[in-house]
Amino acid sequence: MPLRFVTKPKRTSASSSSLSFLINPTFTLFSYHSFPSPTPQRNTNPKPDQTLCLSSKLRALPAQQSPSSYYVSLLQSCIARKAINPGKQLHAHLWHMGLGLDIVIATRLVNLYCVCDSVTDAHILFDRIPKGNVFLWNVLIRGYAWNGPYEAAISLYYEMLDYGLVPDNFTFPFVLKACSALSAIAEGRKIHEHAIRTGWEKDVFVGAALIDMYAKCGFVGSARQIFEKIEVRDAVLWNSMLAAYSQNGCPDESLALCSEMALAGLRPTEATLVTVISASADIAALPQGMELHGFSWRHGFESNDRVKTALVDMYAKCGSVLIARNLFERLKEKRVVSWNAMITGYAMHGHATEALVLFEGMKEKALPDHITFVGVLAACSHGGLLDEGWMFFESMERDYRIDPTVQHYTCMVDLLGHCGRLDEAYDLIMQMKVLPDSGMWGALLNSCKIHGNVELGEVALEKLIELEPNDSGNYVILSNIYAQAGKWEGVARMRKLMIDRGMKKSIACSWIEVKNKVHAFLSGDNSHPDSDAIYAELNRLGVRMKEAGYVPATGSVFHDVEDDEKTTMVCSHSERLAIAFGLISTPPGTRILITKNLRVCEDCHDAIKFISKITEREITVRDINLYHHFGDGICSCGDYW
DNA sequence: ATAGGGTTAG
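Since this is a predicted model, take the numbers as computed values, not measurements.

Basis of the calculations
Residues numbered from 1 in each chain as written. Chains lettered and ligands numbered in written order. Predicted model: local features only at pLDDT ≥ 70, side-chain atom pairs only at ≥ 80, totals over all residues. Heavy atoms only, no water. Helix = DSSP H or I, 4+ residues; strand = E, 2+ residues; numbered from the N terminus. Buried < 20%, exposed > 50% of the residue type's maximum accessible area, 1.4 Å probe, protein only. Contact = heavy atoms within 4.5 Å. Areas by Shrake-Rupley, 256 points an atom, 1.4 Å probe, with all protein chains shown as cover. pLDDT = per-residue confidence, 0-100. Pairing = 2+ DSSP bridges. Right-handed = clockwise from strand over helix to strand, strands pointing away. Expected span 1.5 Å × (residues − 1). Arc of directions from axis to C-beta. Salt bridge = Lys/Arg side-chain N within 4 Å of Asp/Glu carboxyl O. Axes fitted to C-alpha atoms, helices over the stretch in contact; angles between N-to-C directions. UniProt positions renumbered as here; feature names shortened; annotations may be inferred. Parallel < 35°, antiparallel > 145°, perpendicular 65-115°, else oblique. Nonpolar A, V, L, I, M, F, W, Y, C, P; charged D, E, K, R; others polar. Core = buried A, V, L, I, M, F, W, Y, C linked by side-chain atoms within 4.5 Å.

Once that is clear, we can look at the overall build of chain A. Within chain A one finds 32 helices and 6 strands. Out of the 641 residues in chain A, the part that is buried amounts to 52%. Considering only contacts within chain A whose residues lie at least 6 apart along the sequence, 65% involve residues at least 24 apart. Surface accessibility of chain A: about 29,900 Å² in total, with carbon and sulfur atoms responsible for 55%.

Below, the structure is given as structure tokens:
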């Protein structure tokens, strides 16, 4: 479960200032110690560092060269190497020489502090110099857009307007990036207006930034409008639009746009492929992903590690862990992202041992990060490995200096829940240093459902209602907990609560890809052209399942109806329709891969076990939490999900 | 003179 509830951690911004020598002019970093007198002295510092390199360069200043251009090139090399300390020495020197207010030099100094993640220092310097040109503002706005606080980038932009300056084609991408980071749609729209008024809306750079801003705020339609308005479209602009679709759950549109891009005569770039491959990974569209695999190879990306890592992720998410592993082994260089994709791939499929063995191998080759540990802990959780889980959880802080985030705690809650230690899970939530989110309470609620703990389930639901009041799924789970415990008055209360609050049960949907076409089914759906054949297959299966000992369990049917009717309802759950369709439209022995937007219900889970045995098929169901691999009557999740 | 848009793992 924790693999699904994820948010990006916020980047922290540089806060302390080290420009004291500017605030207090009597203090200077520039001293004879760092800039030795012409007579060379023995260096008392055991480690000759960049400071001394720089000071010798300053000493060697050629007389005929203008000091300004010489310093500019020195500054440029500090910027290129992100060399903050030599840069500060140079800054002090320039200030001493009276060149600190030179606009070209000052702008580069502001840039230096920005690229060295010292935006606060950059701003202090900015406040002390003339601000007559847009360039200088752009550099600082970019500094904030990259490092945060993002609000500062936006307020600086407005200060710039107040100052009487007109934003240019560089200003817009920077300030829009800050809007994207904040999902600040209102600000983004205003700035879009400014771009129209200043005539920059159709610039490819501004356009790409606008597309990205609208996409990150969830407005794909607006993003597409921008895209349509731009006449010379380059690859990056196409990629922005592809990403917009992928990020907003429109992988089909993303794939379609990719073909359009090819028709328009543009060669795919690395970003194109990574984006569309990850889009097909998201819907577990294996045939489509395989086609993209071939497409990438044909376009010369066979040895591209980033594309290959995206393919590793795609194959893993489509249930082909072996192919994923094979590609993973062929990477020229395994970076953290690649290890993480493979480890989380194993974790999602419940291959706990493989995930942990891989992690041991990784430790010697790359530095694990917080995502690695989410994967490792999720693996422990799926495998019910309590001791190992605690060991990794403790090691994370002790050996890698990674502070556990809410996701790591969620994995631990899930793991404790898995092992039936619900009170310990609750205690952990109470004593942890991070704020519990809906994923955390969701994990606890899920554990309560599995172990039939009504009391803690009620606590979890109460918290969930505060955090995500419109998610009906939570009410349904608690209702199911009541139903399993035979507490029908609880079931009735939940139903009343849902009606009073105008909530509807989320619509379940399952889909399967057959011959490059996605076939989606809702619960009780009979709109598919082969509907009759599908229900006939379900009936045939029903008879054989009964013979094999299957008894329909109706506990997970939320509605209070008669048993017969309940049976009919679970029998037409969307995953069963998709599976039946898969059975009649693929040759015997073909593996069937189903994706479902919600969790699989108990009865379907049980039924699919029987179906896998009777039909001798391998059936994989990817539900909202994890993969269920059914084969020969058992499921890889060990009935814990 | 100096700066720029898109992509992967949870």
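So much for the structure itself; the text now carries on.
In this section: the confidence of the model for chain A. Predicted confidence across chain A gives a mean pLDDT of 84, with 87% of residues reaching 70 or more. Predicted confidence for residues 4–52 stays below pLDDT 50, and this span has 68 contacts to residues more than four positions away or in other chains. Note on residues 559–564: pLDDT under 50 across the span, and 6 contacts to partners over four residues away in sequence or across chains.

Buried residues dominate strand S3 (residues 592–596), accounting for 5 of its 5 residues. Neither face of S3 is left uncovered, since the one carrying Ile 592, Ile 594 and Lys 596 and the one carrying Leu 593 and Thr 595 both have all their residues buried. With 2 bridges joining them, strand S1 (residues 509–514) and S3 adopt antiparallel strand pairing. Across the sheet, residue Trp 511 finds its bridge partner in S3, namely Thr 595. Across 4 bridges, S3 lies against strand S4 (residues 619–622) in parallel orientation. Residue Ile 594 lies in a different strand from S4, and its bridge partner there is Val 621. Of the crossover connections in this fold, the one passing from S3 over helix H32 (residues 602–615) to the parallel S4 is right-handed.

Taking 1.5 Å of rise per residue, the 14 residues of helix H20 (residues 352–365) would be expected to cover 20 Å, and the 20 Å separating its terminal C-alpha atoms lies within 8% of that figure. Of all the positions in H20, only Ala 352, Ala 355, Leu 356, Leu 358, Phe 359 and Met 362 are classed as buried. Down the axis of H20, the sector holding all buried residues measures 160°, keeping them to one side. Of the exposed residues in H20, the ones pointing more than 90 degrees away from its buried face are Thr 353, Val 357, Glu 364 and Lys 365. Turning to H20, the residues buried within the fold contact helix H18 (321–329), helix H19 (336–348), helix H21 (370–383) and helix H22 (386–400).

Given a rise of 1.5 Å per residue, 13 residues ought to cover 18 Å, and the 19 Å separating the end C-alpha atoms of helix H14 (residues 251–263) matches this to within 8%. Inspection of H14 places Pro 251, Ser 254, Leu 255, Leu 257, Cys 258 and Met 261 among the buried residues, and these make up the whole buried set. Around the axis of H14, the buried residues are gathered within 160° of arc, so they sit on the same side. Looking at the residues trailing H14, positive phi occurs at Gly 265, about 85°.

Structurally, the position occupied by Ile 103 is in helix H5 (residues 103–115). Between the alpha carbons of Ile 103 and Phe 135 there is a distance of 9.8 Å; along the sequence they are 32 residues apart. Apart from residues no more than four positions distant in its own chain, Ile 103 is found in contact with Pro 130, Asn 133 and Leu 136.

Let us look at the pattern of salt bridges. Taken as a whole, this structure holds 22 salt bridges when the rule is applied. Note that Arg 306 and Glu 270 form a salt bridge whose closest N and O atoms lie 3.7 Å from each other. Of the two residues, Arg 306 is situated in helix H17 (residues 305–317) and Glu 270 in helix H15 (residues 270–282); the sequence distance between them amounts to 36 residues. The partly exposed category is assigned to Arg 306, whose relative accessible area is 45%. Residues participating in the shared-partner salt-bridge network are Arg 224, Glu 228, Arg 233 and Glu 260.

On to the environment of Glu 616. Relative to the assigned elements, Glu 616 resides in the loop between H32 and S4. Owing to a relative accessible area of 68%, Glu 616 belongs among the exposed residues under this scheme. Measuring from C-alpha to C-alpha, the distance between Glu 616 and Gly 633 comes to 9.0 Å, with 17 residues separating the pair along the chain.

Our focus in this paragraph is the sheet that holds S4. Spatially, 6 strands are ordered S2-S1-S3-S4-S5-S6 in an open sheet, and the strand pairing comes out mixed. Two strands in the sheet have a free side with no partner beyond their single neighbour: strand S2 (517–522) and strand S6 (634–635). Sitting on the sheet, helix H31 (residues 574–585) is in contact with S1, S2, S3 and S4, with an inclination near 15° to S1.

This part is about the UniProt feature "repeat: PPR" (unreviewed entry) in chain A. UniProt feature "repeat: PPR" (unreviewed entry): in the numbering of this structure it lies at residues 133–167, 234–268 and 335–369. The distance from the first to the last C-alpha atom of residues 133–167 is 10 Å, and the span holds 77% helix and 0% strand. Structurally, residues 234–268 comprises 74% helix and 0% strand, and the distance from its first C-alpha atom to its last is 11 Å.

The subject of this paragraph is the packing of H5 against helix H7 (residues 134–147). Helix packing for two helices is described by the angle between their axes and how far apart those axes are. Where H5 contacts H7, the axes come no closer than 9 Å and their chain directions differ by 0°. With respect to their mutual orientation, H5 and H7 come out roughly parallel. Along its contact with H5, which presents Ile 103, Thr 107, Val 110, Asn 111, Cys 114 and Val 115, the element H7 presents Phe 135, Leu 136, Val 139, Leu 140, Arg 142, Gly 143 and Asn 147. Of the residues assigned to the contact of H5 with H7, the class counts are 8 nonpolar, 4 polar and 1 charged.

So, on to the environment of Ile 371. Mapped onto the fold, Ile 371 is located in helix H21. Separated by 35 residues in sequence, Ile 371 and Val 336 have C-alpha atoms that sit 9.1 Å apart.

Here we take up the side chain of Ser 381. Relative to the elements of secondary structure, Ser 381 occurs in helix H21. Accessibility expressed as a relative area gives 0% for Ser 381, which makes it buried. Contact partners of Ser 381, with chain neighbours within four places excluded, come to Cys 411, Asp 414, Leu 415 and His 418.

To continue, consider the nonpolar core. Soluble globular proteins tend to bury their nonpolar side chains together. If you look at the biggest cluster of nonpolar residues, it comprises 157 residues, and the most contacted ones within it are Val 110, Leu 140, Met 241 and Leu 444. In this structure, Val 110 is in contact with Ala 122, Leu 125, Phe 126, Ile 129, Leu 136, Val 139 and Leu 140, ignoring residues within four places of it in sequence. In this structure, Ile 534, Leu 577, Ala 578 and Ile 579 belong to the second largest nonpolar core, which totals 31 residues.

This part is about the packing of helix H24 (residues 422–431) against helix H25 (residues 438–451). Here H24 crosses H25 at 170°, and the two axes come no closer than 11 Å. Between H24 and H25, the crossing angle belongs to the class labelled roughly antiparallel. Across the interface between the two elements, Leu 422, Ala 425, Tyr 426, Ile 429 and Met 430 of H24 pack against Met 440, Trp 441, Leu 444, Ser 447, Cys 448 and His 451 of H25. Its residues assigned to classes, the contact of H24 with H25 comprises 9 nonpolar, 2 polar and no charged.

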